[in-house]
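A look at the structure
Residue strings, one per chain:
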Amino acid sequence: FMSTCARGPGNNCLEIGHNDGRGCFTGDPLAGWIIFTIPDVQEGIIVVRIESWHPNQGNTKTKGWAEVNDGKTEDITPYFSDDSNSTRSRSLAETVTDDFLFDIAINGKITKTMNSEEFMVYGGVELVKNFALWPIMDDSSFGGGEVEIGFRLRSQEQPHTTIGLSHVYYA
């Protein structure tokens with residue numbers, strides 16, 4: 001994945017040599033599940049990098065929605081969000097409310113639901129600035145092969161809590 005610098009009218013990125021735009025999948029509690037198929041997992045280990053510093057204004061695709069998936073249960077349209085990286089100083093504590101839940105599914109079954117306290121255990125340990133990892137799968141008995149992983153945020157208190165999923169690491 002190639003970094004971008006938001007080239008466009010009024011952007012002087014090329015003049016200042018600051019090319020750190022990053023792509024990610026953004027979501028909020030109204031967006032529903034995001035699901036990936038990971039090929040050839042050998043050691044049963046999957047870890048994700050989540051960016052919690054995205055503006056807490058919700059995903060542009062869920063603007064105006066009052067319920068998960070805007071009430072559509074069969075929508076398979078691929079969407080792209082033009083993400084703004086303008087609020088990198090926002091802390092994870094501002095994102096995670098008391099009723100925050102992070103569901104993890106493996107091969108179609110919810111295997112873990114992290115509440116706000118559990119989620120913060122990993123989010124509070126940044127390896128470097130804005131870089132924290134969450135374990136999704138750690139199963140040494142896994143025999144190898146393809147794994148489907150899914151994530152969903154839930155929060156009634158803060159339905160526009162936005163996070164970005166930027167990397168999936170696996171072995």
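Check the entry above for the structure.
I will try to describe carefully the structure that is included in this document. (Residues numbered from 1 in each chain as written. Predicted model: local features only at pLDDT ≥ 70, side-chain atom pairs only at ≥ 80, totals over all residues. Heavy atoms only, no water.)

1. Let's talk about the sheet that holds strand E4 (residues 101-106)
- Pairing is antiparallel across the open sheet formed by four strands, whose spatial order is E2-E7-E4-E5. Single-partner strands in this sheet number two, and they are strand E2 (34-41) and strand E5 (109-115). Taken over all neighbouring pairs, the strand axes of this sheet differ in orientation by 20° on average, direction set aside.
- In this sheet, E5 lies alongside E4 in antiparallel orientation, the contact comprising six bridges. Of the residues in E5, the one forming a bridge with Ala105 is Ile110.
- Of the strands in this sheet, E4 and E5 are in contact with helix H3 (residues 116-123), which crosses E5 at around 85°. (Pairing = 2+ DSSP bridges. Helix = DSSP H or I, 4+ residues; strand = E, 2+ residues; numbered from the N terminus. Axes fitted to C-alpha atoms, helices over the stretch in contact; angles between N-to-C directions. Contact = heavy atoms within 4.5 Å.)

2. Quick word on the pattern of salt bridges
- Within this structure, the stated rule accounts for three salt bridges.
- A salt bridge links Asp103 to Arg152, with the nearest nitrogen and oxygen atoms 2.8 Å apart. Of this pair, Asp103 sits in strand E4 while Arg152 sits in strand E7 (residues 145-154), and the two are 49 residues apart along the sequence.
- Taking relative accessible area as the criterion, Asp103 reaches 0% and is therefore assigned buried.
- Measuring nitrogen to oxygen at the nearest pair gives 3.2 Å for the salt bridge that ties Glu118 to Lys112.
- Of the residues examined, Glu118 reaches a relative accessible area of 29% and is grouped as partly exposed.
- Owing to a relative accessible area of 36%, Lys112 belongs among the partly exposed residues under this scheme.
- One network of salt bridges, in which partners are shared, links Asp103, Arg152 and Arg154. (Salt bridge = Lys/Arg side-chain N within 4 Å of Asp/Glu carboxyl O. Buried < 20%, exposed > 50% of the residue type's maximum accessible area, 1.4 Å probe, protein only.)

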